[in-house]
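Secondary and tertiary structure notes
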Amino acid sequence: DGKFVIFNRKGKDGFYDVYVSDLEGNVVRSITAGKRGVYHRNNGNARFDPTGRYIVFVSEEERHFGKAVKSLGDPGVGLYSNLWATDLEGRRFWQLTNVEVKRRLLDRVPSVAVVNPLFSPDGRALLWTERYAEGGHKKWGLWRIMAGRFSAAGGRPQLDGTYVLITPKVGNYITAMGFLSPSDLLVAGNLDGQDEYGMDQYSYNFKTGQYVNLTNTPQDWDEDSCVAPNGKIVWMTNTHSRYKFNFNA
């Protein structure tokens, strides 16, 4: 309804939690911190669903490989995590995805990540980004966009009919950022084969399966975008930084 902002913030314990604030920056409530029914490692990367009744977020599993390193489960990366849903008060929690989590070094399970939940404008579809295999440069892994039907019959959010929406044919990283139109998705990635840290913003057409590079800055990192109601795109970039990334280091 345009009155609240949902965000994640790192606590004194070194883990992130989800909070809601008003537009003046006053925290209205905690959604995950100290709440029963949800894991208490990293929680974040949250979104309101279009009906305004539920919140979907990324929650790190309690037990996994490398759990001593708190930064591995950062909500912006989503390693060893699944998607969860809750009500606006954080009173009840429902796990939406059940991605297998790596427990031990030699268990042959890849370090999977779940991140960046995104609702379709009508709220019927939920998209998210998944690290599904090892590979890529600098251990980035192989990433794809997943989708499923989101519903809340009887007041119980659930995800059905999960399927792979987009797997890049070129490059190894892609993430869904927003909808430009019902047939065009805003994504970020290295879809021209550039370095992952030189990813660009693209539009992807569902009907043709074609990408259009919107930024064309393979030496700069362009990610974390959103589509404003007037259609303009806002995104994160280091284009104007006086520091340049050393791709060989």
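Look up a bit, the structure's there.
Attention here is on the structure that accompanies the text.

1. Quick look at the overall build of the protein chain
- Looking only at helices and strands, one finds zero helices and 17 strands in the protein chain.
- Computed over the C-alpha atoms, the radius of gyration of the protein chain is 18 Å, within 12% of the 18 Å expected from 2.2 N^0.38 for a compact globule of 249 residues.
- By principal-axis analysis of the C-alpha atoms, the protein chain measures approximately 50 × 45 × 40 Å.
- Relative to its 249 residues, the protein chain shows a buried fraction of 47%.
- For the protein chain, the exposed area adds up to about 13100 Å²; of that, 52% sits on carbon and sulfur atoms.

2. Quick word on the sheet that holds strand E4 (residues 43-48)
- Taking strand neighbours across the sheet as the criterion, the four strands line up as E4-E5-E6-E7 in an open arrangement whose pairing is antiparallel. Whereas interior strands pair on both sides, the edge strands pair on one side only; in this sheet they are E4 and strand E7 (93-95). Between one strand and the next, the sheet's axes are offset by a mean angle of 30 degrees, whatever the strand orientation.
- Sheet analysis places strand E6 (residues 81-87) next to E7, joined by three bridges and oriented antiparallel. Bridged to Thr86 within E7 is Phe93.

3. Observations regarding the side chain of Thr175
- If you trace the backbone, Thr175 turns up in strand E12 (residues 174-181).
- Side chain to side chain, Thr175 and Thr129 meet in a polar contact 2.7 Å long.
- The contact partners of Thr175, leaving out residues within four places of it in the chain, are Asn116, Thr129, Ile145, Leu186, Val187, Ala188 and Glu223.

4. Some details on the packing of aromatic side chains
- Applying the stated criterion across every chain yields a total of 16 aromatic pairs.
- Plain terms: the ring middles of Tyr197 and Trp221 are 5.0 Å apart, the flat faces sit at 80 degrees to each other, and that makes the pair edge-to-face. Separated by 24 residues along the polypeptide, Tyr197 in the loop between strand E13 (184-189) and strand E14 (200-205) and Trp221 in the loop between strand E15 (211-213) and strand E16 (222-227) bring together distant segments of the chain.
- Among the residues examined, Tyr197 registers a relative accessible area of 23% and is labelled partly exposed.
- A network of ring pairs unites the aromatic residues Trp140, Trp143, Tyr173, Tyr197, Trp221, Phe245 and Phe247 as a single cluster.
- Lying over the aromatic face of Phe65, Lys102 brings its terminal NZ or CZ to 5.7 Å of the ring centre.

5. Structural notes on the nonpolar core
- Core analysis: the biggest nonpolar cluster contains 16 residues, and Val56, Leu83, Leu96, Leu126, Trp128, Phe150 and Leu159 have the highest contact counts within it.
- Contributing elements (two or more residues each) for this core: strand E5 (54-60), E6, strand E8 (113-119), strand E9 (125-133) and strand E10 (142-151).
- No other element matches the three residues that E5 contributes to this core.
- Those residues in contact with Phe150 that lie beyond four places of it in its chain are Asp49, Val56, Leu96, Phe119, Gly123, Arg124, Leu126, Pro157, Gln158 and Leu159.
- Listed in part, the 13 residues of the second largest apolar core include Ala147, Ile166, Phe179 and Tyr204.

6. A short note on the pairing of E10
- The element E10 is largely enclosed, with a buried count of seven among its ten residues.
- With eight bridges connecting them, E9 and E10 associate as antiparallel partners. Following the sheet pairing, Glu130 is matched in E10 by Arg144.
- Relative to strand E11 (residues 158-166), E10 runs antiparallel, the two being bridged by six bridges. Across the sheet, residue Ser151 finds its bridge partner in E11, namely Gln158.
- The turn joining E10 and E11, which pair antiparallel and follow one another in sequence, is formed by six residues; a positive phi near 65 degrees is taken by Gly154.

7. Topic: the sheet that holds E9
- Across the sheet, four strands lie side by side as E8-E9-E10-E11; this open sheet has antiparallel pairing. The outermost strands of the open sheet, each flanked by one partner alone, are E8 and E11. Ignoring strand direction, the axes of neighbouring strands in this sheet form an average angle of 30 degrees.

Definitions and limits used
Note that residues are indexed from 1 along each chain, following the sequence as it is written. Since the coordinates come from a predicted model, pLDDT governs what is reported: local features require at least 70, and pairs of side-chain atoms require 80 or more to be given and counted, while whole-chain, interface and lining totals use all residues. For side-chain calculations, the full set of non-hydrogen atoms in the structure is used, while hydrogens and water are omitted. Each helix is a run of H or I in the DSSP string that is no shorter than four residues. Each strand is a run of E no shorter than two, and both are numbered from the N terminus. Put simply, the radius of gyration uses C-alpha atoms, and a globule should come to 2.2 Å times the residue count raised to 0.38. Each residue is placed in one exposure class: buried if its accessible area under a 1.4 Å probe, protein chains only, is under 20% of its type's maximum, exposed if it is over 50%, and partly exposed if it falls in between. For accessible areas, the Shrake-Rupley method is used with a probe of radius 1.4 Å. Any residue's cover is judged against the shown protein chains and nothing else. Strand pairing requires that DSSP identify at least two bridges connecting the strands. Working convention: axes come from line fits to C-alpha atoms, limited for helices to the stretch in contact. Angles between N-to-C directions cover 0 to 180 degrees. For this analysis, a polar contact is any N or O atom pair within 3.5 Å, provided that within protein one partner can donate a hydrogen and the other can accept it, and provided that sequence-adjacent residues contribute only side-chain to side-chain pairs. Contacts are assigned to residue pairs that have any heavy atoms within 4.5 Å of one another. Any two of the Phe, Tyr and Trp rings considered here, Trp counted by its six-membered ring, make a pair once their centres fall within 6.5 Å; the pair's planes then place it as stacked at under 30 degrees, edge-to-face at over 60, or tilted in between. The rule is short: NZ of Lys or CZ of Arg within 6 Å of the ring centre and within 35 degrees of the ring normal puts a charge over the ring. Buried Ala, Val, Leu, Ile, Met, Phe, Trp, Tyr and Cys residues that are joined via side-chain atoms within 4.5 Å together make up what is termed a nonpolar core.

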